[in-house]
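Here are the chains, one letter per residue:
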Amino acid sequence: MKLVHNEIPVEFLRSLPEGMKLVNRHGREFLVVESVVSPTGTPLVTDSVRIHGEPSIRFKARIGDVEGLIFVDAFWGSHAKLFGFLPELGHGDQYVEASVLETGESLMIERTCDVEGCTSTRGIELQLPGGKNRIHVCARLGCPGHKIVLSDLGKPVEETVSGINFFGAGGLEDDWFDQF
Ligand SMILES: [Zn+2]
């Protein structure tokens, strides 16, 4: 897996929301999630597992009947994940039911995915510090759907930033094999 550079809008860089940071890799800047919390403020970024050299976003996940931890790459637009358990990969759509490890608090929201061909109405919400900005991720396993919701910067910046996909379309199989 290779880091592919995408342009980040200047307006966004000028007023980078709290919880997002820029890191330099191979002379280029990448957007990284530095801090996200649950609706009641429990931190979700952990230093115990690093992906691409950065702390990862950790939550508890249930997929079908199996439950465990998932660590998600904090690089914006990456879909790399590490599973602390072995999900049963059945046929058809599978959904992640995300909650906070320490409190059991749900991270699930109703959200219609805007990725073509995806019919998911379930999403995972991560809040950036300050309570104004949010990150929404499609809960369907393997779907690259993700969006940043910015209260101050407006739709065009939101859409450009949301469209950044550093690692292409991604998919569970790609992610899975890239990690080992
Ligand atoms: Zn989706």
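Look a little higher up for the structure.
This text gives an overview of the structure that appears in the document. (Residues numbered from 1 in each chain as written. Predicted model: local features only at pLDDT ≥ 70, side-chain atom pairs only at ≥ 80, totals over all residues. Heavy atoms only, no water.)

### So, the pattern of salt bridges
Inclusion rule: Put simply, a salt bridge is a Lys or Arg side-chain nitrogen that is within 4 Å of an Asp or Glu carboxyl oxygen. Helix and strand assignments come from DSSP, with helices taken as H or I runs of at least 4 residues and strands as E runs of at least 2, each series counted from the N terminus. Each residue gets one of three labels from its accessible area relative to the maximum for its type: buried under 20%, exposed over 50%, partly exposed in between, using a 1.4 Å probe on protein chains only.
Within this structure, the stated rule accounts for eight salt bridges. Asp93 is paired through a salt bridge with Arg140; the nearest N and O atoms lie 3.6 Å apart. Pair noted here: Asp93 is in the loop between strand S6 (81-83) and strand S7 (96-99) and Arg140 is in the loop between strand S10 (134-138) and strand S11 (146-149), with a separation of 47 residues, a long-range link. Among the residues examined, Asp93 registers a relative accessible area of 45% and is labelled partly exposed. The closest approach of N and O atoms between Lys155 and Glu158, which form a salt bridge, is 3.3 Å. Taken together, the positions of Lys155 and Glu158, both in helix H2 (residues 155-162) and three residues apart, correspond to about one turn of that helix. Salt bridges sharing partners connect three or more residues here, namely Lys21, Arg25 and Glu54.

### Quick look at the coordination of the zinc ion
Angles at a metal have ideal values that depend on geometry: 109.5 degrees with four tetrahedral donors, 90 or 180 degrees with six octahedral donors. Rules: Only N, O and S atoms count as donors, using a 2.8 Å limit from the metal and a wider 3.2 Å limit for Na, K and Ca, and since water is excluded some coordination spheres may look unfilled. Any coordination sphere not matching a tetrahedral pattern (four donors, all angles between 85 and 135 degrees) or a square planar or octahedral pattern (four or six donors, opposite donors over 155 degrees apart, other angles between 65 and 115) is reported as irregular.
Ligation of the zinc ion by protein atoms is provided by Cys113 (SG), Cys118 (SG), Cys138 (SG) and Cys143 (SG), these donors lying 2.3 Å from the ion. Every donor counted, the four donor atoms about the zinc ion form angles of 106 to 113° at the centre, which fits tetrahedral coordination. All donors of the zinc ion belong to a single chain; written as a sequence motif, their spacing is C-x4-C-x19-C-x4-C. Pair noted here: Cys113 is in the loop between strand S8 (108-110) and strand S9 (122-127) and Cys143 is in the loop between S10 and S11, with a separation of 30 residues, a long-range link.

### Comments concerning the environment of Glu88
Keep this limit in mind: Contacts are assigned to residue pairs that have any heavy atoms within 4.5 Å of one another.
Mapping Glu88 onto the fold places it in the loop between S6 and S7. When the C-alpha positions of Glu88 and Gly64 are compared, they lie 7.4 Å apart, and in sequence the two are 24 residues distant. Setting aside residues no more than four positions away along its own chain, Glu88 makes contact with Val66 and Gln94.

### Structural notes on the packing of aromatic side chains
For clarity, the threshold we go by: Ring pairs are drawn from Phe, Tyr and Trp, using the six-membered ring of Trp, whenever the two centres fall within 6.5 Å, and their geometry is named by plane angle: stacked under 30 degrees, edge-to-face over 60, tilted for the rest.
A full pass over the atoms with the stated rule returns two aromatic pairs. Taking 6.0 Å as the distance between ring centres and 65° as the angle between the ring planes, the aromatic pair formed by Phe30 and Phe75 counts as edge-to-face. Of this pair, Phe30 sits in strand S2 (residues 28-33) while Phe75 sits in the loop between strand S5 (66-72) and S6, placing them 45 residues apart in sequence. Classification of Phe30 by relative accessible area gives buried; the value is 2%. Judged by centre distance (5.9 Å) and plane angle (70°), the ring pair of Phe83 and Phe85 falls under edge-to-face. What makes Phe85 buried here is its relative accessible area of 10%.

### Here we look at the side chain of His146
Heads up, the rule is: Here a polar contact is taken to be a pair of N or O atoms separated by no more than 3.5 Å, where protein atoms must pair a possible hydrogen donor with a possible acceptor and residues adjacent in sequence count only if both atoms sit in side chains.
Along the chain, the position of His146 falls in strand S11. A distance of 2.8 Å separates a polar side-chain atom of His146 from the backbone oxygen of Pro144. In this structure the side chain of His146 is engaged in a polar contact, spanning 3.1 Å, whose partner is the backbone oxygen of Ser162.

### Concerning the side chain of His136
Its location among the elements puts His136 in strand S10. What makes His136 buried here is its relative accessible area of 14%. Within the local environment of His136, its side chain forms a polar contact with the side chain of Glu125, the two groups lying 2.7 Å apart. Ignoring sequence-local partners within four residues, the contact set of His136 consists of Ile109, Arg111, Ile124, Glu125, Gly145, His146, Lys147 and Val149.

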